[in-house]
Amino acid sequence: MPIQHLDKSRCQPYFAQISRELAGRAIEVDVAGLGIHTPYQLDWTPLRDVAYYPDKDAFQIVTDDLDHLIPRPHELNVDIAEDGLHSIEVIDAAGQSRTLRLRAPLPLP
């Protein structure tokens, strides 16, 4: 599957579109490996929102169990195939890669 790098100038409208597509869908995301330490396991949880805020230079992930903000992301990548979005990779300011893997692809228009 081709990985596409997103220029930050395209991120806000791109992730706004993805959030609109999430409405009413049972999309689950694997948050393991996000560097998030919780007292319980979050493996697969419904994804509710993803957003990039250019004014704050921050990327946000919202699930039923999590509201996580990644400040100053260095790089944002998406893995898209013909059947839709498979994953989102955020490389933070420290160079740590964080990947959201969707259990089933999110069909995109």
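See the structure shown above.
Residues numbered from 1 in each chain as written. Predicted model: local features only at pLDDT ≥ 70, side-chain atom pairs only at ≥ 80, totals over all residues. Heavy atoms only, no water.

Tracing the backbone shows asparagine 77 in strand β6 (residues 75-81). Leave out the neighbours within four places in its chain, and asparagine 77 touches Ile3, Gln4, His5, Leu6, Ser87, Ile88, Glu89 and Ile91. (Helix = DSSP H or I, 4+ residues; strand = E, 2+ residues; numbered from the N terminus. Contact = heavy atoms within 4.5 Å.)

This part takes up the packing of aromatic side chains. Per the counting criterion, the structure on display carries two aromatic pairs. Geometrically, the ring pair formed by tyrosine 14 and phenylalanine 15 is edge-to-face, given 5.3 Å between the ring centres and 90° between the ring planes. Here tyrosine 14 matches phenylalanine 15 in class, with each residue buried. Measuring from centroid to centroid gives 5.0 Å for phenylalanine 15 and phenylalanine 59, while their planes differ by 75°, and the two rings are edge-to-face. Placement of the pair is phenylalanine 15 in helix α1 (residues 8-22) and phenylalanine 59 in strand β4 (residues 58-63), with a sequence separation of 44 residues. Comparing phenylalanine 15 with phenylalanine 59 shows no difference in burial state: the two are buried. The positively charged end of lysine 56 is found above the aromatic ring belonging to tyrosine 53, 5.7 Å away from the centroid. (Phe/Tyr/Trp six-rings, centres within 6.5 Å; stacked < 30°, edge-to-face > 60°. Buried < 20%, exposed > 50% of the residue type's maximum accessible area, 1.4 Å probe, protein only. Lys NZ or Arg CZ within 6 Å of the ring centre and 35° of its normal.)

Peptide bonds are trans in most cases, and residues, glycine excluded, mostly fall at negative phi. You will see that aspartate 57, though not glycine, has its phi angle at about 50°, which is positive. Counting through the fold element by element, aspartate 57 comes out in the loop between β3 (44-53) and β4. Take aspartate 57: its relative accessible area is 21%, and that puts it in the partly exposed class. For arginine 72, which is not glycine, the phi torsion reads 45° and is therefore positive.

This next bit is on the nonpolar core. Phe15, Phe59, Leu85 and Ile88 are the most contacted members of the largest nonpolar core, which has 21 residues in total. When contributions to this core are tallied by element, the ones reaching two or more residues are α1, β3, β4, β6, β7 (84-91) and β8 (97-106). Among the elements that make up this core, the one with the highest residue count is α1 (five residues). Apart from the residues lying within four places of it in its own chain, the contact partners of phenylalanine 59 are Phe15, Val50, Ala51, Tyr52, His68, Leu69, Ile70, Pro73, Leu76, Ile88 and Val90. (Core = buried A, V, L, I, M, F, W, Y, C linked by side-chain atoms within 4.5 Å.)

A few words on the environment of arginine 48. Relative to the elements of secondary structure, arginine 48 occurs in strand β3. Not counting chain neighbours up to four residues away, the residues in contact with arginine 48 comprise Leu22, Arg25, Val62, Thr63 and Asp64.

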